[in-house]
Amino acid sequence: MTRVFLILFAGLMSFVAACAPAPDGDTSSGQVYRIRNADKVQLRMLDSVNALRQAAGRQSVELNAQLTAAAATHSRDMSIQNRPWHFGSDGSSPLDRIARVGFTGELVGETISETYETELQTLTAWMEDATTRTVILDPKANSLGFSWFQEPNGKIWWTLIMGNTTPASIIN
């Protein structure tokens, strides 16, 4: 299992190196990471999160359309507010946002970022922080929502939401 993780990790890092923006988000060189093939970005994130969860002995998560809709709304809203935080411009919390899109499961956690980095570089940064790593590896999670908003200048607002679709009566 360790060997599989190392192979996956090496493959991910080679991809990251191939599409990395200028160092430290420097856009003065004209190199800005532009999101293309949006469907592949989501699948890369899902596969990467699941590889990390598997290496930590956790169950895989599935992409959830409702959580992804809540993530997309929040990414755009953070851009409008020009600040990365967990509350919407209308005062909404992550719980409010998932309820608005009809998600009836449990919110496990939300992870956000404001960056010029790729999704995999962002995931790497999240995994280096104990708080966001705990959200991504939470054993209760079985579903994931992931989206972003990229501004014309290249800045990207990322939102990842982890949830659990299993009714509480089954868990207890």
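For clarity, every value in this text was computed on a predicted model and none was experimentally measured.

Novice: Talk me through the pattern of salt bridges; I want residue IDs and the actual numbers.
Specialist: Enumeration over the complete set of coordinates arrives at 4 salt bridges. Note that Arg44 and Glu119 form a salt bridge whose closest N and O atoms lie 2.7 Å from each other. Residue Arg44 is found in helix H2 (residues 38-55), and its partner Glu119 is found in helix H5 (residues 119-128); the two are separated by 75 residues along the sequence. For Arg44, a relative accessible area of 22% translates into the label partly exposed. With a closest N to O distance of 2.9 Å, Lys155 and Glu114 form a salt bridge. Of this pair, Lys155 sits in the loop between strand E3 (143-150) and strand E4 (156-164) while Glu114 sits in strand E2 (residues 106-115), placing them 41 residues apart in sequence. According to the relative accessible area criterion, Lys155 is buried, its value standing at 12%.

Novice: Explain the packing of H2 against H5 to me, and be specific about the residues and the numbers.
Specialist: Across the interface, H2 lies against H5 with an axial gap of 10 Å and an inter-helix angle of 30°. The pairing of H2 with H5 is recorded here as roughly parallel in orientation. As H2 packs across H5, the resulting crossing turns out to be right-handed. Facing Val41, Arg44, Met45, Ser48, Val49 and Leu52 of H2, the residues of H5 in contact are Glu119, Leu120, Leu123, Trp126 and Met127. The class makeup of the residues in the contact of H2 with H5 is 8 nonpolar, 1 polar and 2 charged.

Cut-offs used in this document
- Throughout this description, residue numbers start from 1 for each chain and increase along the sequence as written.
- Where totals are concerned, whole chains, interfaces and linings use all residues; where local detail is concerned, this predicted model gives features only for residues with pLDDT of at least 70, and gives and counts side-chain atom pairs only at 80 or more.
- Hydrogens and water are ignored here; the side-chain numbers use all heavy atoms of the structure.
- Each salt bridge in this description consists of a side-chain nitrogen of Lys or Arg and a carboxyl oxygen of Asp or Glu lying within 4 Å of one another.
- Helix numbers and strand numbers start at the N terminus; a helix is a DSSP run of H or I with at least 4 residues, a strand a run of E with at least 2.
- Classification of residues uses two cut-offs on accessible area relative to the type maximum, computed with a 1.4 Å probe and protein chains only: under 20% is buried, over 50% is exposed, and between them is partly exposed.
- Axis definition: a line fitted to C-alpha atoms, limited for helices to the stretch in contact. Angles are taken between N-to-C directions and run from 0 to 180 degrees.
- An angle counts as roughly parallel when it lies under 35 degrees, as roughly antiparallel when it exceeds 145, as roughly perpendicular when it falls between 65 and 115, and as oblique in every other case.
- Handedness of a crossing is defined here by the sense of rotation of the near helix relative to the far one, left-handed for an anticlockwise turn of less than a right angle and right-handed for a clockwise turn.
- Note on contacts: a residue pair qualifies if any of its non-hydrogen atoms lie within 4.5 Å across the two residues.
- Residues are grouped as follows: nonpolar covers Ala, Val, Leu, Ile, Met, Phe, Trp, Tyr, Cys and Pro; charged covers Asp, Glu, Lys and Arg; every other residue, Gly included, is treated as polar.

By themselves, these figures tell us nothing about what the structure is for.
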